[in-house]
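Residue-level listing of the chains:
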Amino acid sequence: MENDNQDTFSTPFIFKTDWKTAFEDEEFVKVFSSDILEQYIINKRWYGGKASTLKYIEVVDHFKITSKNNSYYGVLLEVNFKEAFYQHYFMPLAFMSEEELDTSTIIAPVKMGKQQGFW
């Protein structure tokens, strides 16, 4: 399955933490916010700051939803602009192995602990 971000990230991001504890790891949150999301959201149709200069993205809050087999996160992002205003976005996140992948829209390829997959 070809993904919508194939040109954005060609090599996986590697994290020591596993997906179930990802947002408890400060290094993960830092890389996710700056290196991954800054490249991802600026190309999205729903992103409202295309005419402004991005200053930074911060994970303001998150919550975990777990089922018997999977863990998901709801993440509240603050996108701050150099023009002295900000916007908030809510983003649901899932981690899926290549075999489980059932969408062509992915954020990035990743390796979380020992598992390789996609967000």
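Residues numbered from 1 in each chain as written. Predicted model: local features only at pLDDT ≥ 70, side-chain atom pairs only at ≥ 80, totals over all residues. Heavy atoms only, no water.

## Describing the overall build of the protein
Then step 1. Regarding its fold elements, the protein presents one helix and six strands.
Then step 2. Seen in sequence order, the protein has helices and strands lined up from the N terminus as β-α-β-β-β-β-β.
Then step 3. The proportion of buried residues among the 119 residues of the protein is 41%. (Helix = DSSP H or I, 4+ residues; strand = E, 2+ residues; numbered from the N terminus. Buried < 20%, exposed > 50% of the residue type's maximum accessible area, 1.4 Å probe, protein only.)

## Overview of the nonpolar core
Then step 1. With 29 residues, the main nonpolar core has Phe15, Trp19, Phe23, Phe28, Leu93, Met112 and Trp119 as its most contacted residues.
Then step 2. Broken down by secondary-structure element, the contributors of at least two residues to this core are strand E1 (13–15), helix H1 (26–41), strand E2 (54–66), strand E3 (71–81), strand E4 (86–94) and strand E5 (109–112).
Then step 3. Here this core takes eight residues from H1, the largest share from any one element.
Then step 4. Beyond its immediate chain neighbours, meaning those up to four positions away, Trp119 contacts Phe15, Trp19, Phe28, Phe32, Ile36, Ala94, Phe95, Ile106, Ile107, Ala108, Val110 and Met112.
Then step 5. Residues Ala94, Leu101, Ile106 and Phe118 belong to the second largest nonpolar core, which totals five residues. (Core = buried A, V, L, I, M, F, W, Y, C linked by side-chain atoms within 4.5 Å. Contact = heavy atoms within 4.5 Å.)

## Points about the sheet that holds E5
Then step 1. Taken together, the three strands give an open sheet; going across it, the order is E1-E5-E6, and neighbouring strands pair in mixed fashion. In the strand order of this sheet, the two ends are held by E1 and strand E6 (115–118), each with one partner. In this sheet, neighbouring strand axes are inclined to one another by 20° on average, regardless of whether the strands run parallel or antiparallel.
Then step 2. One ladder, built from four bridges, connects E5 with E6; its direction is antiparallel. (Pairing = 2+ DSSP bridges. Axes fitted to C-alpha atoms, helices over the stretch in contact; angles between N-to-C directions.)

## A closer look at the confidence of the model for the protein
Then step 1. In this model, the protein carries an average pLDDT of 83, and 85% of its residues clear a pLDDT of 70 or more.
Then step 2. Taken as a whole, residues 1–7 scores under 50 in pLDDT and shows 13 contacts with residues more than four places along the chain or in a different chain. (pLDDT = per-residue confidence, 0-100.)

## Regarding the pairing of E4
Then step 1. In terms of strand pairing, E3 meets E4 through nine bridges, oriented antiparallel. By the bridge assignment, Glu78 is partnered in E4 with His88.
Then step 2. Taking the residues between adjacent antiparallel strands as the criterion, E3 and E4 are bridged by four residues, where Ala84 takes a positive phi near 70°.

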